[in-house]
Amino acid sequence: MQPGRPLRAARLYLTGVFWRHRWGKGLVLLAPPLLAFALVYLASLAALFVSSFWTVNPFTTEIEHHWTLDNFRTIFESSAYRTIALRTIGIAAAVTVTDAILAFPLGYFMARLARPRTRAFLFVAVLLPLWSSYLIRVYIWRLILDQNGVLNWTLRQLGLGPLHLAYSNWAVWIVFSYVWLPFMVLPVYGALERIPESLLEASRDLGARGFETFRRIVLPLALPGVVAGSIFTFSLTLGDYVTPMLAGGSSSQFIGNVVYSSVGISNNVPFAAAFATIPLAVMAVYLLIARKLGAFEAM
Amino acid sequence: MMRIRRAHVLIAAVAAALCVPAAGVSSSSGLPTKIGKGEGQLNLVAWEGYTQPQWVKPFERKTGCRVHAKYAGSSDEMVTLMRQGGGSQYDMVSASGDASLRLIYGHDVQPVNVKLIPDWKNFAPALKSPPHNTVDGVHYGVSLQWGPNTLLYNTKKVKPKPTSWSVLYSPKYKGKITVPDNPIQIADAALYLSKAQPSLGITDPYELNQKQFDAAVNLLRRQKPLIKKYWALASDEIDLFKNGDAVLGASWPYQTNTLQADKVPVADTIPREGATGWADTWMLSAHAKHPNCAYLWMRWVSTPKVQAQQAIYFGETPANVKACPIMDKLSPGSAAKYHCGASEAYFKSIKFWKTPVAACGNGRNDCMDYTKWQQAWTQLKG
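Just so we're clear, the structure is a prediction, and the values are computed from it rather than from any experiment. (Residues numbered from 1 in each chain as written. Chains lettered and ligands numbered in written order. Predicted model: local features only at pLDDT ≥ 70, side-chain atom pairs only at ≥ 80, totals over all residues.)

## Here's the deal with the overall build of chain B
So, point 1. When helices and strands are tallied, chain B shows 14 helices and 16 strands.
So, point 2. Relative to its length of 382 residues, chain B is compact, with a C-alpha radius of gyration of 23 Å against a globular reference of 21 Å.
So, point 3. When the backbone C-alpha atoms are referred to their principal axes, chain B occupies close to 80 × 55 × 35 Å.
So, point 4. Residues classed as buried in chain B amount to 50% of the 382 residues present.
So, point 5. For chain B, the proportion of contacts with a sequence separation of at least 24, taken over those separated by at least 6, is 70%. (Helix = DSSP H or I, 4+ residues; strand = E, 2+ residues; numbered from the N terminus. Rg over C-alpha atoms; globule rule 2.2 N^0.38 Å. Buried ≥ 20, exposed ≤ 12 C-beta atoms within 10 Å, placed from the backbone. Contact = placed C-beta atoms within 7 Å.)

## Side note on the overall build of chain A
So, point 1. Counting its regular elements, chain A contains 14 helices and 2 strands.
So, point 2. Rg of the C-alpha trace for chain A: 26 Å, well past the compact-globule value of 19 Å for 299 residues, more than 25% over.
So, point 3. Overall, the C-alpha framework of chain A stretches about 90 × 75 × 40 Å when taken along its three principal axes.
So, point 4. Within chain A, buried positions represent 33% of all 299 residues.
So, point 5. Taking as baseline every contact in chain A between residues at least 6 positions apart, the subset at least 24 positions apart corresponds to 70%.

## Re helix H2 (residues 53-63) of chain B
Residue and element names in this part refer to chain B.
So, point 1. Trp 55, Val 56, Phe 59 and Thr 63 are the residues of H2 that are buried. An end-on view of H2 places all buried positions within 100 degrees of arc, on one side of the element. Among the exposed residues of H2, those oriented more than 90 degrees off its buried face are Pro 53, Gln 54, Lys 57 and Arg 61.
So, point 2. Check the buried side of H2 and you find it contacts strand S4 (66-71), helix H9 (291-301) and helix H10 (304-314).
So, point 3. Phi turns positive one or two residues past the end of H2, at Gly 64, with a value near 75 degrees. (Arc of directions from axis to C-beta.)

## Regarding the nonpolar core
Here is a general trend for soluble globular proteins: nonpolar side chains tend to be buried in one another's company.
So, point 1. Formed by 99 residues in total, the largest nonpolar core has its most connected members in Met92(B), Ile186(B), Ala190(B), Ala216(B), Met283(B), Ala294(B) and Trp297(B).
So, point 2. Here this core spans two domains, and each of domain 1 (36-145 + 280-341) and domain 2 (148-277 + 355-381) of chain B adds at least three residues to it.
So, point 3. Leaving out residues up to four positions away in the same chain, Ala190(B) has contacts with Ile202(B), Pro205(B), Leu208(B), Gln212(B) and Ala216(B).
So, point 4. With 45 residues, the next largest nonpolar core counts Phe104(A), Val172(A), Trp180(A) and Ala228(A) among its residues. (Core = buried A, V, L, I, M, F, W, Y, C linked by C-beta atoms within 7 Å. Domains from an automatic or database assignment.)

## What to know about the domain arrangement of chain B
Residue and element names in this part refer to chain B.
So, point 1. As far as domains go, chain B holds domain 1 (36-145 + 280-341) and domain 2 (148-277 + 355-381).
So, point 2. Taken over C-alpha atoms, the centre of domain 1 sits 27 Å from the centre of domain 2.
So, point 3. Across the contact, 7 residues belong to domain 1 and 6 residues belong to domain 2.
So, point 4. Its residues placed into classes, the side of domain 1 that touches domain 2 shows 4 nonpolar, 1 polar and 2 charged. (Nonpolar A, V, L, I, M, F, W, Y, C, P; charged D, E, K, R; others polar.)

## Notes on the sheet that holds strand S12 (residues 248-251) of chain B
Residue and element names in this part refer to chain B.
So, point 1. Ordered in space as S11-S10-S12-S9-S13, the 5 strands form an open sheet in which the pairing is mixed. The open sheet has two edge strands with one neighbour each: strand S11 (227-231) and strand S13 (266-269). Shown here is a sheet whose adjacent strand axes are inclined to one another by a mean of 25 degrees, direction ignored.
So, point 2. Both strand S10 (residues 177-180) and S12 contribute to a ladder of 2 bridges, which runs parallel. Bridge pairing in S12 places Ile 177 opposite Leu 248. (Pairing = 2+ DSSP bridges. Axes fitted to C-alpha atoms, helices over the stretch in contact; angles between N-to-C directions.)

## Here's the deal with the interface of chain B and chain A
So, point 1. Listed per partner, the contact involves 22 residues of chain B and 24 residues of chain A.
So, point 2. Where the side of chain B that touches chain A is concerned, the elements lending two or more residues are helix H3 (75-83), S11 and helix H14 (370-381) of chain B.
So, point 3. Broken down by element, the side of chain B that touches chain A gets its largest block of residues, 5 residues, from H14(B).
So, point 4. Among the residues making up the side of chain B that touches chain A, the classes are represented as 4 nonpolar, 10 polar and 8 charged.

## A word on the pairing of strand S9 (residues 150-154) of chain B
On a regular strand, one side chain projects to one face of the sheet and the next to the other, so that they alternate.
Residues and elements named next belong to chain B.
So, point 1. In terms of burial, S9 is largely enclosed, as 5 of its 5 residues are buried.
So, point 2. Residues of S9 alternate between two faces, with Thr 150, Leu 152 and Asn 154 on one and Leu 151 and Tyr 153 on the opposite face, all of them buried.
So, point 3. Across 4 bridges, the pairing between S9 and S12 is antiparallel. Bridging from a neighbouring strand, Thr 150 pairs with Ser 251 of S12.
So, point 4. Bridging between S9 and S13 involves 4 bridges; their strand directions are antiparallel.

## What about the confidence of the model for chain A?
So, point 1. Residues with a pLDDT of 70 or more make up 96% of chain A, whose mean pLDDT is 88.
So, point 2. Confidence scores differ between elements of chain A, with helix H14 (residues 295-298) of chain A showing the lowest mean pLDDT of 70 and helix H8 (residues 169-193) of chain A the highest of 95. (pLDDT = per-residue confidence, 0-100.)

## Comments concerning the environment of Thr233(A)
Residue and element names in this part refer to chain A.
So, point 1. Structurally, Thr 233 is set in helix H10 (residues 210-239).
So, point 2. You can call Thr 233 buried: it has 26 C-beta atoms within 10 Å.
So, point 3. For the pair Thr 233 and Ala 100, spaced 133 residues apart in sequence, the C-alpha to C-alpha distance is 9.3 Å.
So, point 4. With residues up to four places along the chain from it excluded, the contact list for Thr 233 reads Val 95, Thr 96, Asp 99, Trp 180, Phe 183 and Met 184.

## Topic: unusual backbone geometry
So, point 1. Backbone torsion omega between Lys159(B) and Pro160(B) reads -5 degrees, so that peptide bond is classified as cis.
So, point 2. With respect to the helices, strands and loops of the structure, Pro160(B) is situated in the loop between S9 and S10.
So, point 3. A positive phi angle, close to 55 degrees, is found at Tyr167(A), a residue other than glycine.
So, point 4. Within the secondary structure, Tyr167(A) sits in the loop between helix H7 (150-157) and H8.
So, point 5. Take Tyr167(A): there are 30 C-beta atoms within 10 Å of it, and that puts it in the buried class.
So, point 6. Although it is not a glycine, Lys263(B) sits at a positive phi angle of roughly 65 degrees.
So, point 7. Relative to the elements of secondary structure, Lys263(B) occurs in the loop between helix H8 (253-261) and S13.

## Some thoughts on the environment of Trp47(B)
All names here are of chain B.
So, point 1. Of note, Trp 47 is situated in the loop between strand S3 (41-46) and H2.
So, point 2. Along the backbone, Trp 47 and Gly 73 are 26 residues apart, and their C-alpha atoms lie at a distance of 7.0 Å.
So, point 3. Not counting residues up to four positions away in its chain, the partners in contact with Trp 47 are Tyr 71, Ala 72 and Ser 94.

## Comments concerning the packing of H3(B) against helix H4 (residues 97-105) of chain B
Think of two packed helices as two axes; the pair is described by the angle between the axes and how far apart they sit.
All names here are of chain B.
So, point 1. Between H3 and H4, the shortest axis-to-axis distance is 9 Å and the interhelical angle comes to 25 degrees. With respect to H4, the element H3 is oriented roughly parallel. Crossing of H3 over H4 shows right-handed handedness. Between H3 and H4, the residues in contact are Ser 75, Met 78, Val 79 and Met 82 and Asp 98, Ala 99, Arg 102 and Leu 103, respectively.
So, point 2. When its residues are assigned to classes, the contact of H3 with H4 shows 5 nonpolar, 1 polar and 2 charged. (Parallel < 35°, antiparallel > 145°, perpendicular 65-115°, else oblique. Left-handed = near helix turned anticlockwise from the far one by under 90°.)

This is the structure:
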């Protein structure tokens, strides 16, 4: 008897099973990632949600497993936490709009006007910052915006007064817009590149001028790309706490900073979990709107 | 049936008792009376710079205890590390005063017999049994190093030389002030108020009732528009002063030294109201697996030479006064610079960090605990 015989038989049997039950193949392929998804991702989300209804004993800092809405009450009743949540969402929205405005012309140029060489160069230019550490890029912006930094030095040479941008929400907005720009440029570029030339020609043939073609053909077809990019810029800003900590001023706390200090300083995981459900809820609403606008086809 | 079950439980209990590693430190009434042979390992949670090779290597050679150090970034991280995994992962922690009481009341650390540390009697009197590591006469560790929280200012921009913490609360230097991003900062405001508004009756800046606490938080709220940035890392404050974004701030001697070495025109002072300060303690985990090595380590880091080496490396003051002449030998003038062997009066002017708790002496139970401090600080920053 050859050693390979039983193995071969088993293989043949399995092939037969998968042929008879087509879904079996899909199940085998998907089981490991699905399991990981359920355990690592959904289970931790569930744990987060459940623990947000617990409290912490202030003396022993041990978690008490009573169901209570106290954490959410604190968040909604305190003006400080409301301000922090609104600031986070507001700056995330501002960063998204800024990046969309910056990325659209760049993406348009790359997709429709640039020669292959220029396009390759621009691609590298957009992606290159991603190869360096995020922290380095934040610190470099600090050097640029400092009281005696590059920006104010340049302004002085031009005879203009110094700007007080360092350590403020302006600085946070600028740094975020810079750091997340590539995540907007790429989907916008992709959406613009996919618009068939024939549509633009047809628009011209039917008498539409440049601007009208842009408004009625290019913009609607590229919008899903912009929305797809905005998912990245918006959610990344919403969840960040490093940039506000390093570049922010005396009132630059984000939701993430409160989560960080609630866990790290007062060991109050339930409160951190409760506060962390806010960006979760905001993102859920955002994704629903994005789906309506067709962003998922553009990713 | 019942009897069998009980017997099983009994056997299991005996087996469990036998399985507990026989701690080598011979102890009666809980406290060890002599140090046994080292277990070969020692796991530490420490501030960065507290386990430098220059004093760790000789310790390892001498005792055979291999030192594994985990650096913590904040007092709160230290507490978390000492609690995780049932608390037996680390043997010791170099806790600052704002963490040590939390560890004691949380039963995360165990009493220490200071008689086994010969150099303990050479400690500055104020650091032998300080309230941040000694509760009801029971020592929970040995003092290590200390330093004041100073008022740092730019000598070119801030004139005349500040003599009161009031400069941090006056609009004269609006937008040029930086203070630490730390709830314990409320104590700095309380310390200032204890002199500026004696009617509040603040005697200890860490023991504040609701009224005193509200007054301190209100002062900080009025201070907020004057603040450029609440600094989280010492390097943040150094950057702020170097780049001219701040000219005045609450600080540690470390920042002053670094900035002066970089030729930035700064100086520091302890204003007339006094200052808060930090004092670190090596504490022994309640579930330490290597207690003998831990005692050997406490003995080693308390010796004058190691104390002096660490003080100079980090820019702080040793607890052991016999370290002062060695400091001067290693770096001339350093003993005076760091107030080594400071007088009782100097110690009195410094209110060392300790964890605010609800029970604040004299049977009073109406003080604001650390959770309240942290919440107030988060809301203050807004």
